[in-house]
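# Close look at the chain arrangement
The primary structure of each chain is shown beneath.
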Amino acid sequence: MADKQDLEALYQLILDRKNNPVAGSYTDYLFTKGLDKILKKIGEESTEVIVAAKNPSDDEFIYEVSDLAYHVLVLMVDRGISVDQIKTELAKREGLMSKTKERDEIKKF
Ligand SMILES: N=c1c2ncn([C@@H]3O[C@H](COP(=O)(O)OP(=O)(O)OP(=O)(O)O)[C@@H](O)[C@H]3O)c2ncn1[C@@H]1O[C@H](COP(=O)(O)O)[C@@H](O)[C@H]1O
């Protein structure tokens, strides 16, 4: 089994749960409930991240961000969107951001 601390490996584990349901698995429970349930969880977990961000405890913040990250990965698997597709989008932005910076620099003159 791959290292689950890696987000990409966690994505693969979630994908495996979708393709090979395991009794008692929380991930399987989410897929069985469907998109609306997954979206509801993302709404809840996002709110918990916001609340934790206002709290000085880093541990609570890390815990809630991890919950949100897991549920976002479940949503991506449900939609059939891969980690590579997100990486590709982010890579496109790298170019965009440097162009924006260049434009900002030009505007200064
Ligand atoms: N990273 C996670 C993870 N993060 C959060 N959660 C679950 O998300 C739920 C969030 O808690 P809540 O109190 O909001 O939800 P709940 O009351 O349990 O359930 P709901 O009815 O509200 O959905 C908890 O049940 C957590 O167990 C996770 N469940 C699984 N994983 C990973 O997924 C792997 C596979 O898990 P299973 O599918 O359960 O085998 C695990 O080994 C983990 O690596």
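Residue numbers run consecutively from 1 along every chain, following the written order of its sequence. Note on the predicted model: pLDDT of at least 70 is required for a residue's local features to be given, and 80 or more for side-chain atom pairs to be given and counted; whole-chain, interface and lining totals, by contrast, use all residues. To get the side-chain values, all heavy atoms of the structure are used, and hydrogens and water are removed first.

### A few points about the layout of surface pockets
If a probe the size of a water molecule is rolled over the atoms, the empty space left behind becomes visible. When its volume is computed, the largest pocket comes out at roughly 170 Å³. Space inside and on the surface of the protein is sampled on a 1 Å grid over the protein atoms alone, with a cavity defined as a set of points where a 1.4 Å probe fits but cannot get out and a pocket as an open set with protein on both sides within 12 Å along at least 5 of 7 lines; lining residues have an atom within 4 Å of a point. Together, Leu7, Ala69, Val72, Leu73, Met76, Val83, Ile86, Lys87 and Leu90 line the largest pocket. Secondary structure elements are taken from DSSP: a helix is a run of H or I of four residues or more, a strand is a run of E of two residues or more, and numbering for both begins at the N terminus. Secondary-structure elements contributing two or more residues to the lining of the largest pocket are helix H4 (58-79) and helix H5 (83-108). Here the residues of the lining of the largest pocket are counted per class, giving 8 nonpolar, no polar and 1 charged. Grid points are joined across faces, edges and corners, and a volume is the space filled by probe spheres set on the points. Any residue that is not Ala, Val, Leu, Ile, Met, Phe, Trp, Tyr, Cys, Pro, Asp, Glu, Lys or Arg is counted as polar, Gly included; the first ten are nonpolar and the last four charged.

### Side note on the site of the ligand
Close to the ligand lie 14 residues, the nearest being Arg17, Ser25, Thr27, Tyr29 and Lys41. Between the ligand and the protein, one listed contact pairs an oxygen atom with a side-chain N or O atom of arginine 17 at 2.8 Å. Identification of polar contacts relies on pairs of N or O atoms within 3.5 Å, with a donor-acceptor requirement for protein atoms, meaning one able to donate a hydrogen and the other able to accept it, and with residues adjacent in sequence counted only if both atoms are side-chain atoms. Between the ligand and serine 25, the relevant distance is 2.5 Å, taken from an oxygen atom to a side-chain nitrogen or oxygen of the residue. The Shrake-Rupley method, run with a 1.4 Å probe sphere, supplies the accessible areas, and residue values consider only the shown protein chains as cover. Protein chains bury 59% of the 830 Å² of accessible surface belonging to the ligand in isolation. Counting residues per element, the ones that place at least two in the shell around the ligand are helix H1 (7-19), helix H2 (26-33), helix H3 (35-53) and H4. A per-class count over the shell around the ligand returns 5 nonpolar, 3 polar and 6 charged. The cutoff for a nearby residue is simple: one of its non-hydrogen atoms must lie within 4 Å of the molecule or strand.

### Comments concerning the confidence of the model for the protein
Any region with low pLDDT has predicted coordinates that should not be read closely. Residue-level confidence of the predictor is what pLDDT reports, using numbers from 0 through 100. In the predicted model, the protein carries a mean pLDDT of 91, and the fraction of residues at 70 or more is 92%. Per the prediction output, this complex has pTM 0.89; the corresponding ipTM is 0.94.

### Notes on the environment of glutamine 85
Summarising the element assignment, glutamine 85 is placed in helix H5. You can call glutamine 85 partly exposed: its relative accessible area is 44%. A polar contact is formed between the side chain of glutamine 85 and the backbone nitrogen of serine 82, at a distance of 2.9 Å. Buried means the residue's accessible area, taken with a 1.4 Å probe over protein chains only, is under 20% of the maximum for its type, while exposed means over 50%, and partly exposed covers the values in between.

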